[in-house]
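# Per-entry structural report
If you want the building blocks of each chain, they are given just below.
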Amino acid sequence: MKKRVAIVGSGNWGCAIAKIVGNNCTHHPHLEDEVRMWVFEEVVKGRKLTEIINEEHENVKYMPGIKLPTNVIADPDVVSATRGANVLIFVLPHQFLGGLCKKIKGNHAQDCIAVSLIKGVHFDSKGMVLISDMIKEGLNGMDVSVLMGANLAKEVAGGAFCETTIGYNIEENGKLLHTIFNDPLFHVTIINDVPGVEVCGALKNIVALGAGFTDGMGLGDNSKAAIIRIGLMEMKKFIQSRYPSVKDATFFESCGVADLIVTCYGGRNRRCAEAFVKGGGRKVCPVASRCGSLTCATASRSKSWRGNC
């Protein structure tokens, strides 16, 4: 039986991934052609965003200029979008997960699996919580993999070559996800290491702030390279102290060193930190309120981060 894929989220990263997933679903006989994408309904210049996407095959608000495959169908109803899905792709701010999982639960196929493209971690009263575990708990123990890497959304959508990493718990599910995401210009590696892949995708944002501070102070490339190297070692120490099963090799995948490098040179967190320094400590970056909020604020509360770094 063919597998039905649904995407939960439609921002710039969601649309970049929808372009790849939509094309792959038309090329693989084990996948259903149609890909439903849940879109938070908005009105753009007097028209519903879902109508624009379905008629013009472009998300004019979050990824203008990039055409989506015609088999990607925007749906404002998350229940309708995920009905009968065998694979759920989560690519949206984690704050929406609780409410959405309640609506999705039981609506999908019995053998459904999920994959999280959400970079960050969550903290509750007991400490750090993986986003993949939040999804797993919200969907009655569903198997959840993660996809992280050096993947700036605009470049992925534009067709620039890059790599990414899928961390899986069950090899069979990792192989299925490989067929859904892998593309000649979007090279996917799968590894059996969900926490390593996932937490790398969160902590690199903190190191990127340090890189941005060095740029703002004009300290040069040598200082920035030192920040990146030290930051990578601190990420490794922190992650393996909390998750001893995490493999050393994970840090040399796209989710590790490659994502760290691209974020420290081209990421939003780096730009905000640089602007912060040049502005004399004021919030001069238009997206500063969002930069690193999920990882920096939460990691600073972790005793193991403060103790190891």
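In this report, we go over the structure that sits alongside the text. Just so you know, these numbers come straight off a predicted model, no measurement behind them. Starting afresh in each chain, residues are numbered from 1 along the sequence in its written order. The model is predicted, so local features are restricted to residues of pLDDT at least 70 and side-chain atom pairs to those at 80 or more, both for listing and for counting; the totals for chains, interfaces and linings are taken over all residues. The side-chain quantities take in all heavy atoms of the structure and omit both hydrogens and water.

### Remarks on the packing of aromatic side chains
Formally: Any pair of Phe, Tyr and Trp rings, taking the six-membered ring for Trp, is counted once the centres come within 6.5 Å. Such a pair is stacked with planes under 30 degrees apart, edge-to-face with planes over 60 apart, and tilted for the rest. Counting from the N terminus, the helices are the DSSP runs of H or I reaching at least four residues and the strands are the DSSP runs of E reaching at least two. Under the scheme applied here, a residue whose accessible area is under 20% of the maximum for its type counts as buried, over 50% as exposed, and between as partly exposed, the area being computed with a 1.4 Å probe on protein chains only. Either the NZ atom of lysine or the CZ atom of arginine qualifies as a charge over a ring when it sits within 6 Å of the ring centre and within 35 degrees of the ring normal.
On inspection of all chains with the given rule, the structure shows one aromatic pair. Residues Phe213 and Phe276 carry aromatic rings whose centres are separated by 6.5 Å and whose planes lie at 55° to one another, so their mutual orientation is tilted. Residue Phe213 is found in helix α8 (residues 194–216), and its partner Phe276 is found in helix α11 (residues 268–278); the two are separated by 63 residues along the sequence. Looking at Phe213, the relative accessible area reads 34%, which means it is partly exposed. Its relative accessible area of 39% is what places Phe276 among the partly exposed residues. When the ring centre of Tyr265 is taken as origin, the NZ or CZ atom of Lys224, which lies over that ring, is 3.8 Å away.

### A few points about the pairing of strand β11 (residues 162–167)
Which entries qualify depends on this criterion: Here, strands pair whenever DSSP counts at least two bridges between them. Here the term right-handed applies to a crossover when the path leading from its first strand over the helix to its second strand runs clockwise, the strands being oriented away from the viewer.
The element β11 is largely enclosed, with a buried count of five among its six residues. Both strand β10 (residues 144–148) and β11 contribute to a ladder of three bridges, which runs antiparallel. Considered in β11, the bridge of Met148 is made with Thr165. Two elements, β11 and strand β12 (residues 186–191), share six bridges in a ladder whose sense is parallel. Looking at the pairing, Gly167 lines up with Ile191 of β12. Crossover β11 to β12 through helix α7 (residues 171–181) is right-handed.

### Side note on the pattern of salt bridges
Counted only if it meets this: Salt bridge, as used here: a side-chain nitrogen of Lys or Arg that lies within 4 Å of a carboxyl oxygen of Asp or Glu.
Within this structure, the stated rule accounts for 16 salt bridges. A salt bridge links Lys3 to Asp111; the nearest nitrogen and oxygen atoms lie 2.9 Å apart. Of the two residues, Lys3 sits in strand β1 (residues 3–8) while Asp111 sits in the loop between α4 (97–104) and β7 (113–116), which places them 108 residues apart along the sequence. A single salt-bridge network, built from bridges that share partners, covers Asp215, Lys224, Arg270, Glu274 and Lys278.

### A word on the sheet that holds β11
Using the following cut-off: Axis definition: a line fitted to C-alpha atoms, limited for helices to the stretch in contact. Angles are taken between N-to-C directions and run from 0 to 180 degrees. Whether two residues touch is decided by their heavy atoms; if any such pair falls within 4.5 Å, the residues are in contact.
Read from one edge to the other, the open sheet built from eight strands follows the order β5-β2-β1-β6-β7-β10-β11-β12, with strand pairing classed as mixed. Where the open sheet ends on each side, the last strands, each with one partner, are β5 (72–75) and β12. The mean angle between the axes of side-by-side strands here comes to 25°, regardless of whether they run parallel or antiparallel. Lying on the sheet, α4 is in contact with β1, β2 (31–38) and β6 (87–90); it crosses β6 at an angle near 165°.

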